[in-house]
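What follows is each chain in one-letter form.
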Amino acid sequence: MSENNSLLTIRNVIKYFDISGGLLEQLAIRQGKVVRDRTIVRAVNDVSFSIFPGETLSVVGESGCGKSTLARAILGLYPPDSGKILYRNERIDNLTPNQMLPYRAKMQMIFQDPYASLNPRMTVEQTLNEPVKFHNKNISENEVKKRVVDVMRQVGVDPSWVDRYPHEFSGGQRQRISIARALMVDPEFIVADEPVSALDVSIQAQILNLLMDAQEQRGLTYMFITHDLSVVRHISTRVAVMYLGRLCELAQTVELFESPRHPYTQALLSAIPDIHNRKGDHVKLKGEVPTPINLPPGCVFHSRCPFANERCMREIPELAEVESGTFVACHGVEEGRL
Amino acid sequence: MQHLLDVKDLEVTFALRTGSLIAIHGVNFTVDKGERVGLVGESGAGKSVTGFAIINLISKPGYISKGNILFSGQDLASLSDEEMRNIRGNRISMIFQDPMMTLNPVLTIGTQMIETLQAHMKISKTDAADIALEKLHKVHIPSPEKRLRQYPHEFSGGMRQRIVVAIALLSDPALIIADEPTTALDVTIQAEIMDLLRELCESEDTGLILITHDLGVVAQITEKVVVMYAGNIVEMGTTTEIIENPRHPYTKGLIKAIPGKRNPGERLHQIPGVMPTLMDIPPGCSFHPRCTIKGEICTKEIPKLKEIDGTGKIVACHMVSGKGEVE
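An account of the accompanying structure is given in this report.

About the thresholds
Residues numbered from 1 in each chain as written. Chains lettered and ligands numbered in written order. Predicted model: local features only at pLDDT ≥ 70, side-chain atom pairs only at ≥ 80, totals over all residues. Contact = placed C-beta atoms within 7 Å. Helix = DSSP H or I, 4+ residues; strand = E, 2+ residues; numbered from the N terminus. Nonpolar A, V, L, I, M, F, W, Y, C, P; charged D, E, K, R; others polar. Pairing = 2+ DSSP bridges. Axes fitted to C-alpha atoms, helices over the stretch in contact; angles between N-to-C directions. Buried ≥ 20, exposed ≤ 12 C-beta atoms within 10 Å, placed from the backbone. Core = buried A, V, L, I, M, F, W, Y, C linked by C-beta atoms within 7 Å. Parallel < 35°, antiparallel > 145°, perpendicular 65-115°, else oblique. Left-handed = near helix turned anticlockwise from the far one by under 90°.

### Description of the interface of chain A and chain B
Each partner contributes to the interface: chain A provides 33 residues, whereas chain B provides 31 residues. Sorting the residues of the side of chain A that touches chain B by element identifies helix H7 (201–218), helix H8 (229–235), helix H9 (253–258) and helix H10 (263–270) of chain A as the ones contributing at least two each. For the side of chain A that touches chain B, the leading source of residues is H7(A), giving eight residues. Here the side of chain A that touches chain B is composed, by residue class, of 15 nonpolar, twelve polar and six charged.

Right under this line is the structure:
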């Protein structure tokens with residue numbers, strides 16, 4: 001699979017946030033001199049990968065690893081500081097809002113909290129109508145109505161409830177409505193940011209099934225952001241593991257779960273509570289995730305890695321293909337000592 | 001043998017203007033010394049209400065309308081507020097979900113720990129500080145002397161939850177009730193906190209009630225599981241029995257709905273519908289509208305918990321016979 005037939009490719013994307021506040025807050029006096037200190041959060045550092053049509057790529061990692069920022073950068077919600085984002089080989093990161101419009105209809109997003117992502121003062125019908133009318137100025141009322149009914153049926157919400165408000169629905173049903181809103185404009189690519197984390201297990205299964213059905217029927221491509229690795233294992237084609245804004249490992253799902261290469265992936269996978277393996281013998285990591293404000297030099301994981309050596313503290317490992325389709329950024333793996 | 005905690009026929013009612021809602025019905029279970037029990041169910045199943053009722057923290061308009069809570073033989077439901085304060089936070093500690101909400105942001109960790117100790121016993125500040133230090137050691141917080149002087153915002157989420165655990169341990173409680181203690185944490189941190197809880201319960205012989213929606217977590221740490229649905233216990237037994245051999249259709253469905261390694265990419269087993277709210281509990285078995293094996297009787301009669309031969313597991317389902325088979 002080459003980059004050319006990808007649906008979406010990101011190259012060396014970097015996204016920093018300046019949280020230093022106003023000029024006065026940045027000023028400090030050090031050794032008798034006035035200096036200007038800036039606080040930069042390095043949320044996404046030089047991440048590259050491709051997403052191919054029809055696949056589900058999951059991006060996993062712990063809170064603060066930059067997975068949501070990356071998703072938003074791809075959709076153009078946060079313009080990246082550097083790097084390229086290509087959609088069907090066309091660059092989309094430097095477009096004007098008007099030029100971006102046709103892409104926005106093709107790329108949709110589903111958010112984590114269905115209580116926050118639906119406008120409480122809009123009925124289901126208004127919520128679903130809005131994106132269609134916005135992207136298709138000439139569409140007839142009848143056609144919109146028909147589409148609303150179709151999509152509501154598909155997501156399993158009774159079409160006779162179109163006049164209800166979000167507060168009249170349960171969490172699971174609200175998430176169905178947010179999925180319906182994303183499907184209304186007939187997208188090709190959906191970014192789902194923790195779509196089932198706020199739901200109970202029995203409802204979570206219903207929503208995952210709905211997402212898998214929609215993918216089959218409409219040939220959708222998903223980028224799935226989550227911290228729940230059991231969900232990832234179930235639905236993904238490939239998995240990308242992130243740590244502190246960097247990609248550690250990218251591989252086919254089976255490959256990643258059967259033989260994780262990167263020490264961080266190994267620790268992460270071993271920490272999943274499995275109901276059928278009750279020993280709980282997980283890899284213990286020392287220390288804590290450093291903040292993305294003071295990134296450690298060298299490999300971002302070296303401070304917690306049990307296999308780190310002098311080179312890891314100094315040199316940033318590149319993401320390299322260690323086997324067909326499996327990419328790992330680790331000096332230990334590259335040198336063959338892991 | 002006397003149980004550490006013996007909850008008998010507990011019922012909690014919320015008196016609302018529109019009428020009374022019964023949040024939990026006839027809940028019965030026991031916790032022994034050093035035993036780790038999981039209380040599982042989905043949101044609204046009544047698991048937190050049960051936990052709160054044990055330490056008498058149900059706030060108005062809710063109240064305990066029936067039943068006894070025997071803790072070392074003493075009925076907690078009949079104690080005065082004053083007497084209850086001697087037990088709560090002292091003999092029984094509670095750990096909540098969000099450590100940032102539990103800790104006071106404007107007091108140092110040390111102040112909060114000393115304050116807790118002094119509230120429960122006559123003790124000098126220096127002695128209290130020594131105990132606080134010892135407990136921080138116990139929950140593996142690096143450089144505890146320095147940490148005592150810091151504020152909650154200076155700690156990461158996992159460290160904060162360790163502090164909360166240390167505070168819960170201050171007066172060497174006999175029972176800890178942990179309500180979703182790791183739901184707000186990342187998996188690697190969750191695994192560490194669970195290890196810590198297990199280790200502490202084992203070394204101190206402390207009983208634990210773990211309230212959670214996550215069966216994976218329950219499997220890692222508990223010995224016994226109580227499954228709740230719409231305010232009732234539907235199944236209870238040893239963790240191994242419940243996970244490897246669930247009998248109630250709800251427990252079965254719940255376990256099958258967890259995505260796992262068995263069938264990647266396939267449709268997940270789903271339980272149709274949603275759990276009823278307290279306002280519209282259906283007649284008969286409260287699970288029957290979502291049940292795939294229901295019969296005539298399920299819509300009319302509330303099933304009683306009955307023991308399944310030999311395994312010690314009890315199930316509330318008309319369709320499951322005493323031999324553990326579907327009738």
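### A short note on the sheet that holds strand E5 (residues 74–75) of chain B
Residue and element names in this part refer to chain B. Strand order in the open sheet made by the four strands is E2-E1-E4-E5, with antiparallel pairing throughout. What marks the edges here is a single partner per strand, and that holds for strand E2 (19–31) and E5. As judged from the eight bridges shared by strand E1 (residues 5–16) and strand E4 (residues 62–71), these two strands associate in the antiparallel manner. Within E4, the residue paired with Thr13 across the bridge is Tyr63. Against the sheet, helix H1 (residues 47–54) engages E1, E2 and E4, with an angle of about 110° to E1.

### Structural notes on helix H11 (residues 249–256) of chain B
Most of H11(B) is tucked away, with six of its eight residues classed as buried. Residues of H11(B) that are buried include every one of Pro249(B), Tyr250(B), Thr251(B), Gly253(B), Leu254(B) and Ile255(B), and no others. Where H11(B) is buried, its residues touch H7 of chain A together with helix H9 (215–221), strand E9 (224–229), strand E10 (232–238) and helix H10 (239–244) of chain B.

### Structural notes on the nonpolar core
Counting 184 residues, the largest nonpolar core has Ala180(A) and Val227(B) as its most contacted members. In contact with Ala180(A), not counting residues within four places along its chain, are Leu128(A), Val151(A), Met152(A), Val155(A) and Val157(A).

### Focus on the packing of helix H7 (residues 157–169) of chain B against helix H8 (residues 187–204) of chain B
Residue and element names in this part refer to chain B. In the contact formed by H7 and H8, the axes pass within 10 Å of each other and the chain directions differ by 15°. Taken together, the axes of H7 and H8 lie roughly parallel to each other. Like other packed secondary-structure pairs, H7 and H8 cross with a definite hand, here right-handed. Between H7, through Gly157, Gly158, Gln161, Arg162, Val165 and Leu169, and H8, the contact on the second element is made entirely by Ile189, Glu192, Ile193, Leu196, Leu197 and Leu200. Here the residues of the contact of H7 with H8 are counted per class, giving seven nonpolar, three polar and two charged.

Shape descriptors only; they carry no functional weight alone.
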